[in-house]
Amino acid sequence: MSNSKTIKSALVSVYYKDNLEPIIKKLHSLNVKLYSTGGTLSFIEKLNIPVTAVDSVTTYPEIFGGRVKTLHPAIFGGILNRRDNASDQKEKAQHNIPDIDLVIVDLYPFEETVAAKASEEDTIEKIDIGGISLIRAAAKNFNDVIIVSSRNDYSELLNLLETKGGSSDLADRKKFAAKAFATSSHYDSAIFNYFNQSEEITQFKQSLQKGQTLRYGENPHQKGVFYGDLDAIFTKLNGKELSYNNLLDVDAAVNLIADFEEPTFAILKHNNACGVASRNTISEAYKDALAGDPVSAFGGILIANRAIDMATATEVNKLFCEVVIAPSYNDDALALLKSKPNRIILIQNKVALGKNSFRNLLNGVIEQDKDLKTETEADLKVVTTKAPTAAEIKDLLFANKLVKHTKSNTIVFAKNGQLLASGTGQTSRVDALQQAIVKANNFGFDLKGAVMASDAFFPFPDCVEIAHKVGITAVIQPGGSIKDKESIDYCNANGVSMVNTGVRHFKH
């Protein structure tokens, strides 16, 4: 059964008036009686459309500077009374309460006020009381009432009014009710997180209003959805929709490139960098990044922190890649890159990323601060007799940025601002080291004079011994092993310099 209901009366009280006029005019053409308050009342009156002030129904004026407007039994009774309940209808008649069949209410812009770094007084005033109560009341009584809780739903409401002549089915009302509860829960989560900035209350409350269904999850037999606003972070210029795996790689790429100030190009595969280089021009950076592992680069994610020019695009266009990300593109470069219709081309907008990370596991969620620590020369403690040269220090810091963004256990070799090879995601540190050596040899890199970075301490001196024998001259690691001295002693005996950072960069 459709349980169709005709809208005969509506309460309209909104903060944002955008695109409201067509709805008001349509309701008027359907002979719907309108009730309103404050600025919305004035808005409707300026359209020369009859409207009744809420305070004439409540016989009580707005008080406390508008803090109390609609919080009255005459209003909430009109929304919450059950039309098929004889007792409710008897009480409604007894108290002369008018039915309200449609509620159009939005909420004060609390999140926008917080984002604008307003004073606490102004922020508190943007906590909506009447609006949130009206939304919940109308949504609860979806059997009889339609609730529209966001301007984003105006077009859907207008379409309903036009196609069904002012009537609605139960499915319509239930859908709007679900949206309303999504609005109210999101709003309350934002308020809680504002008050709980010190995290004294250990509760997990996160809410994202936008969602995008993906083609599938990590594998074709898995469903996938992205919750968030990709349009805020990227401007998409070309290509198919980002997949689940694309998004994982894009996230890794964006976080990695954020650690570099000089012109840098990175190529990622399965969340790990397979090529990175910093050079004077982005074109040179791409060529040297690709040289790091041209095999793994196939089907990878490419990211640059400078505009991509025609010289760079010409080289990139020779490679099959899933995604290209940059702050901008020269017109001719963009035209060339677009010649591959499925290639995803993104402009990375200047948007602050979150400072926390979340992962669901077992029957809950774990949360942590993101690893935002990026070591500088001031953080380095020379622990060997021999100190690294200025060039080695530059490479050590470069390599240390890469281990931070590579799956543990990891070892990274770098030289002259270029990733030579890395061992990634190994169950032992020495395995990661051996993997890096094999990769460097496979692509013809001479490790003599290169530096080595480790995401965690060396439990034994075997790693520095193996590294030294293939040509490594300087090492960066957190330190902290009970056998640190053995690694340091080996370096001292063999002319290898070592610096400790005191910061581990595990990534699982």
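Only a predicted model underlies this, so the values are computations on that prediction, with no experimental measurement involved.

A.B. asks: Report on the pairing of strand 2 (residues 9-13), specifying residues and quantitative values.
C.D. replies: In terms of burial, strand 2 is largely enclosed, as five of its five residues are buried. Here strand 2 shows no split at all, with Ser 9, Leu 11 and Ser 13 on one side and Ala 10 and Val 12 on the other all buried. Here four bridges tie strand 2 to strand 3 (residues 33-36), and the two strands are oriented parallel to one another. Paired with Ser 9 across the two strands is Lys 33, which belongs to strand 3. Following the backbone out of strand 2, through helix 1 (residues 21-29) and into the adjacent parallel strand 3, one traces a crossover that is right-handed.

A.B. asks: I'd like to hear about the state of the cysteines, residue by residue, with values.
C.D. replies: Under the criterion given, the structure shown has zero disulfides. Unpaired in this structure, Cys 321 has its nearest cysteine sulfur neighbour in Cys 274, at a distance of 11 Å. There is no disulfide at Cys 491, and the cysteine sulfur nearest it, in Cys 463, is 11 Å away.

A.B. asks: Account for the sheet that holds strand 2, naming residues and giving values.
C.D. replies: Pairing is parallel in the open sheet, where five strands are placed in the order 4-3-2-5-6. Every other strand in the sheet has two partners, leaving strand 4 (52-53) and strand 6 (146-148) as the edge strands with one partner each. Examined bridge by bridge, strand 3 and strand 4 share two bridges and lie parallel to one another. Of the residues in strand 4, the one forming a bridge with Ser 36 is Ala 53. Most of the contacts of helix 1 go to strand 5 (residues 102-105), to which it runs at about 165°, and overall it touches strand 2, strand 3 and strand 5. Running at roughly 140° to strand 3, helix 2 (residues 38-46) makes contact with strand 2, strand 3 and strand 4 of the sheet.

A.B. asks: Describe in detail the nonpolar core, supporting the description with residues and values.
C.D. replies: With 38 residues, the main nonpolar core has Leu 242, Val 250, Val 276, Ile 303, Val 323, Ile 325 and Leu 402 as its most contacted residues. If near-sequence neighbours (up to four positions away) are discounted, Leu 402 is found in contact with Leu 256, Phe 260, Val 276, Val 412 and Leu 419. Ile 75, Phe 110, Ile 127 and Leu 134 belong to the second largest nonpolar core, which has 26 residues in total.

A.B. asks: Give me a nonpolar patch on the surface: which residues, what numbers.
C.D. replies: Nonpolar side chains collect at one region of the surface, where Phe 204, Phe 358 and Val 365 lie side by side and expose about 260 Å² of accessible area between them. Topologically, Phe 358 is positioned in strand 16 (residues 356-361).

A.B. asks: Summarise the packing of helix 8 (residues 130-140) against helix 10 (residues 170-195); cite the residues concerned and give the values.
C.D. replies: Their axes nearest at 9 Å, the elements helix 8 and helix 10 cross at an angle of 150°. In terms of orientation, helix 8 and helix 10 fall into the roughly antiparallel class. Crossing of helix 8 against helix 10: the hand is left-handed. The residues of helix 10 that touch helix 8, namely those facing Ile 132, Ile 135, Arg 136, Ala 139 and Lys 140, are Ala 177, Ala 180, Phe 181, Ser 184 and Tyr 187. Across the contact of helix 8 with helix 10, the residue classes break down as seven nonpolar, one polar and two charged.

A.B. asks: Outline the side chain of Asp 395, supporting the account with residue identities and numerical values.
C.D. replies: With respect to the helices and strands, the residue Asp 395 is situated in helix 16 (residues 390-404). Arg 279 provides the closest opposite charge to the buried, unpaired Asp 395, separated from it by 7.1 Å. In this structure the side chain of Asp 395 is engaged in a polar contact, spanning 2.8 Å, whose partner is the backbone nitrogen of Asn 416. Among residues more than four places away in sequence, those in contact with Asp 395 are Ala 414, Lys 415, Asn 416, Gly 417 and Val 451.

Reading the values: rules and limits
- Residues numbered from 1 in each chain as written.
- Predicted model: local features only at pLDDT ≥ 70, side-chain atom pairs only at ≥ 80, totals over all residues.
- Heavy atoms only, no water.
- Buried < 20%, exposed > 50% of the residue type's maximum accessible area, 1.4 Å probe, protein only.
- Helix = DSSP H or I, 4+ residues; strand = E, 2+ residues; numbered from the N terminus.
- Pairing = 2+ DSSP bridges.
- Right-handed = clockwise from strand over helix to strand, strands pointing away.
- Disulfide = S-S within 2.5 Å.
- Contact = heavy atoms within 4.5 Å.
- Axes fitted to C-alpha atoms, helices over the stretch in contact; angles between N-to-C directions.
- Core = buried A, V, L, I, M, F, W, Y, C linked by side-chain atoms within 4.5 Å.
- Patch = residues over 30% accessible without salt bridge, like charges linked within 9 Å, V, L, I, M, F, W, Y side chains within 5 Å.
- Areas by Shrake-Rupley, 256 points an atom, 1.4 Å probe, with all protein chains shown as cover.
- Salt bridge = Lys/Arg side-chain N within 4 Å of Asp/Glu carboxyl O.
- Parallel < 35°, antiparallel > 145°, perpendicular 65-115°, else oblique.
- Left-handed = near helix turned anticlockwise from the far one by under 90°.
- Nonpolar A, V, L, I, M, F, W, Y, C, P; charged D, E, K, R; others polar.
- Lys, Arg positive; Asp, Glu negative; His and termini not counted.
- Polar contact = N/O pair within 3.5 Å; in protein donor to acceptor, adjacent residues only side chain to side chain.

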